[in-house]
Structure formats: structure tokens, C-alpha cells
Amino acid sequence: MTTPSIDAHVRLDIHPTHPSAVTAVLTGSQAHIPHVGLEAADWTVVAENTLVLVRIDHEEPYWAEKAARELAAAGVSVEITPQLREAMAEEWTWADYPMPWCTRSEIREVSDAAQKICDDIRHGQLLIHAHAVDCHTTVAVGTYLGSGKSVYLHGQNHLRQVADTFDSPAQALVAFEKVHGAAMRPGPAPMTDTERAAAQARAPLVVPLADAGPPRPQRETVPAYAADAGDHDALLEAFFDAHGDWEKWRTWSDETTHAIHESQTLRIERVHEALPRETAWTVAAYETPVSERRWVLTATGATPGPVMQALLDHLADGDGWDTAVGAPVDEEIVAAATKPLSEAGWKHTVDGRWIGWTSPTKDAGVQFDAFAAQHPNQTLATWTVWAGPGPDRPTWALAASPHTPTALLAGLSETLAHGTGTRHPQTAGRDRAAALGTTPPAIPPVTANAATSRSR
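Residues numbered from 1 in each chain as written. Predicted model: local features only at pLDDT ≥ 70, side-chain atom pairs only at ≥ 80, totals over all residues. Heavy atoms only, no water.

What about the environment of A381?
Keep this limit in mind: Runs of E in the DSSP output that reach at least two residues are strands. Runs of H or I that reach at least four are helices, and both are numbered from the N terminus. In this scheme, a residue with accessible area under 20% of its type's maximum is buried, one over 50% is exposed, and one in between is partly exposed, where area comes from a 1.4 Å probe on protein chains only.
If you trace the backbone, A381 turns up in the loop between helix 10 (370-373) and strand 20 (383-387). The class for A381 is buried, based on a relative accessible area of 0%. It is 8.7 Å that separates the C-alpha atoms of A381 and L297, two residues lying 84 residues apart in sequence.

Points about helix 1 (residues 32-40)
Quick note on the threshold: The directions considered for the arc are those from the helix axis to the C-beta atoms. Contacts between residues were defined by any pair of non-hydrogen atoms, one from each residue, lying within 4.5 Å.
Among all positions of helix 1, only P34, H35 and L38 are buried. Projected down its long axis, helix 1 shows its buried positions confined to an angular sector of 110°, all on one face. Facing away from the buried side of helix 1, by more than 90 degrees, are the exposed residues H32, V36 and A40. Those residues of helix 1 that are buried lie in contact with strand 1 (9-14), strand 2 (22-27), strand 3 (44-47), strand 4 (50-53) and helix 2 (60-73). Looking one or two places after helix 1, you find D42, whose phi comes out positive at around 75°.

Considerations on the pattern of salt bridges
So the rule is basically this: Just to be clear on terms, a salt bridge is a Lys or Arg side-chain nitrogen sitting within 4 Å of an Asp or Glu carboxyl oxygen.
Inspection of the entire model under this criterion finds 20 salt bridges. Note that D57 is salt-bridged to R55, the shortest N-O span being 2.9 Å. With relative accessibility at 0%, the residue D57 sits in the buried group. For R55, a relative accessible area of 8% translates into the label buried. For D233, the salt bridge goes to R270, with nearest N and O atoms at 3.0 Å. One end of the pair, D233, is in helix 7 (residues 232-242); the other, R270, is in strand 14 (residues 266-271), with 37 residues separating them in the sequence. The pair D233 / R270 is uniform in exposure class, with both members buried. The structure contains a network of salt bridges with shared partners spanning R55, D57, D112 and K116.

Let's talk about the nonpolar core
Within soluble globular proteins, side chains that are nonpolar generally end up buried alongside one another. For the record, the criterion: Throughout, nonpolar core names a set of buried Ala, Val, Leu, Ile, Met, Phe, Trp, Tyr and Cys residues whose side chains join them through atoms within 4.5 Å.
Residues I268, L297, W383 and W396 are the most contacted members of the largest nonpolar core, which totals 48 residues. Ignoring sequence-local partners within four residues, the contact set of I268 consists of F239, W246, T257, H258, A259, W281, T282, V283, L312 and L315. Of all hydrophobic cores here, the second largest spans 22 residues; its members include V22, A31, I80 and L84.

Considering the pairing of strand 14
How we decide: Note on pairing: DSSP must find at least two bridges between two strands before they are called paired.
Across five bridges, strand 13 (residues 256-261) lies against strand 14 in antiparallel orientation. Bridge pairing in strand 14 places A259 opposite I268. Hairpin geometry of strand 13 and strand 14 is characterised by an intervening segment of four residues between the two adjacent antiparallel strands and by a positive phi of about 70° at Q264.

Describing the environment of G187
If you trace the backbone, G187 turns up in the loop between strand 10 (185-186) and helix 6 (193-201). Sequence separation of G187 and A132 is 55 residues, and the distance between their C-alpha atoms is 9.8 Å.

Some points on the sheet that holds strand 10
Test applied: Angles shown run from 0 to 180 degrees and are taken between the N-to-C directions of axes, each axis being a line fitted to C-alpha atoms and, for helices, limited to the stretch in contact.
If you trace the five strands from one edge of the open sheet to the other, you get 9-8-7-6-10, paired in antiparallel fashion. The outermost strands of the open sheet, each flanked by one partner alone, are strand 9 (161-166) and strand 10. With five bridges joining them, strand 7 (residues 137-144) and strand 8 (residues 150-154) adopt antiparallel strand pairing. When the bridges of strand 8 are listed, G142 appears paired with V151. Sheet strands touched by helix 4 (residues 104-122): strand 6 (126-134), strand 7, strand 8 and strand 9. Its angle to strand 6, the strand with the most contacts, is close to 120°. Helix-sheet contacts for helix 5 (residues 169-180) involve strand 6, strand 7, strand 8 and strand 9, and the interaxial angle to strand 6 is about 10°.

Side note on the pairing of strand 15 (residues 279-286)
For strand 15, the tally of buried residues reaches seven of eight residues, placing the bulk of the element in the interior. Pairing of strand 15 with strand 16 (residues 293-300) involves seven bridges; the strand directions are antiparallel. Counted as the bridge partner of Y286 is R293 from strand 16. Hairpin connection between strand 15 and strand 16: a loop of six residues separates the two successive antiparallel strands.

See the structure below:
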């Protein structure tokens, strides 16, 4: 099932004054939908349609990336600024960390537990009765107001932990006083520098963010083929999160990621830094894990997010499996693949070897090459999907080989005919592509046994 597109755009960026914090600026007629989701994930509202994520463990980029994947999977357009994406990719750890045996993910689990304690105190859910300083660290005792359970806390900031639990506040206070009587002080400990900086970052913004520039126009709802590309990397990560039967493989460099189905017969290649008109996605299917490919499909870097989302959804639903290799691509197959376009009133034309379907506004189309369909050993694409000023100057293009499954093509046609998305008004009518010539694009080869290394 194709994920519905939401008329909302979220722009994630580094906080202008708090280096590790992340801001989210929301636009669109349905901006309230991601707004509610982010608030539920403990993002703080600091201005109208502006939220900030602040943590005491300085892991905001990691959690912001996770939020971006979830938003993209829900149909929200997400933009991540280059400086924030660089922070997301940064590998770091705490100097002199007291638990050096922990892996990076285990350190993150410890600090996330500490963050939850901090949030519970900040939201008034955990009432601190008393504190003390013990061997240069802070200890405290408090009670969760909802459950009535009392806890003994050890440490501060990202190292705070629940060291013991009690059935009542009285029992907890007696035990705490027995150990820390001389140093015991009422109420919570003074804020640490980290906590104070976090509180300042959550303060309301009186003026727009310094780096946000002039107010961004509201995004407009457009047909799926005219929508912005959005964050393709976030789409892929959300795909991995939602489908456990696909595994992530990385090559020796970070430029390419492979998604491989557990059967080893359906594979997706994602080139991360591809330019808008270059091939950024390649999908290939094989009879067996070591055989020649059955069919291949490619998409350029500017392919709209709703179109890529629809393609990934169909692949996950099994629309890439059964195809009659060796059977001719006849009129019945062509009609089934393009039925949604015909029913939506797209103009049908025949020009020699090419059969076309063009949108009523003439800014998108599907082209079928009858010659290429009868010569499957050639490298020319049988199917070409395009959008932009014209098929010879597309803003983006998708190409597919003869035996690409009819169900997959019909699903893409359905998205083109009836799907919607959003785009920034300034992108409307902009010719971002150079002339590509009148010959349909060639489909690049995909090696069946490319050397890859597993990374999860």
C-alpha cells in the first residue's frame, strides 16, 4: 500500500546558539500532523511552527535522524541541512567514559535512560525529595507521582542512573539519610552547566532563527510527478526499518548502499551523492542469486519522493517477483501497465516505434519503445517515465527493461495519475535539466555478484 502524502514540510537544522541541539521548522497546511508527533517525542515548541530537540547527552543529531525517517515513512516531506547531515554522520564518544567496555550503541542506551530521568524531573513526573554530593558526584532520592515508586539516583547528566528502588517515599528517605545524612540537602540539586545550557536552548525564540533566512512560502500540493524529491536517504532508511526481510549492505566506500532481499534475487542500489539527472537508484531482479538478471529499473536523483515511496512500497509488497521472462511484451501487457493513465485521461499517441501517454498539463508522461521491447538483449529502456518541460528535457526520469513486472508498472502509473505530493513554490516551472537527446536512456548494467560488505 502506498504511503499517503501529507501536505507538510519539516526542515531540520542545527540550533543557532546551542551546537548539538536541532531545530525543526514546519510548513504546509497539515503541519500540525508532524507537530504533534515531534512534541510527543519530547521536542519543545520555541516559536510558531518551530520546535527544538535538546538533550543532555548531546545525541540530538542521532535522534533527529531517527525522527526524519519516521516522518518520511509517514508521508511528510523532510529537509535536512548539510551541516546537520554532517553532524549525523559524525562518529564520536565521550572522553574518559567511566564504562569503557560499552559499545557506541550501549553508551547511547545508558545516556537515553539518563535522558528519560531528566525529562521526568523536568515534566514534574519525578519529584526529588533530597540530594547529596558523594565522591564528586550527585546522588538523589525521589518519587514517581504516577506510580508512587521511589528511586535512588546516582550520577548526573548523561550518567544518571536508578541505583535502587523503594516501595514508599518514607522508606527511601530513611535509607538515603542513613548513608548521606551529613551531606543530605532538601530538594533537587542545583542545575549542572549542561542542564542550564539545555534550558536556555528550550527558551522561546523571539525572532526567527538566524540561519533560516526570509520566511519560507507555504508548500503547495501538486501531482506526485511534480513533487520535490525530498530526502531519498531517509526513504531508504525507513524502508529498512519497516521491512525486516531486506538487509542493508555497504560497498567499500560510503557512496553506495545496497538493499538485498533475503531471497538474494531482488536488489536495490542507492547512490547517495548522485546529481539530480544522474542515476541514483537501480532495482534489479534475478532468477537465482547467481543468474543473469530478469529485469532492471533505474531512477534519477530528482525523482519525486512520492514516486520513490510508491516504488519501494510495491517492491516490499512483492510486485517485483513474477514476470514472464522470454514472453513477448504484447498489447495486453502494455494496456494493463498503463490502464490508470488511460482512465485518468492522459493523451495517448503513437509515433513510429514509440507509444506515449502524456498528462493533461503536458508536464509528465510515459513512453513505451516497441522496438526495445522486442530486443531485450539491447541496452535501451523499454519504458521511460518522465516529468518536466518535455521527454527530451526531463526534470527527472525513470527507465525500465522489457520484463519489468506489469503490476509494478501499473502501480507507478496509478501514482502518476492520482498521487499527490508537495513542493516549494519556487521550484514550479524551473527547468533544472539539460537536454538529454531524443533517444531513450540506456539502462546501466548491474553485476549479479558485486563485492559488498554487510552492515546493519
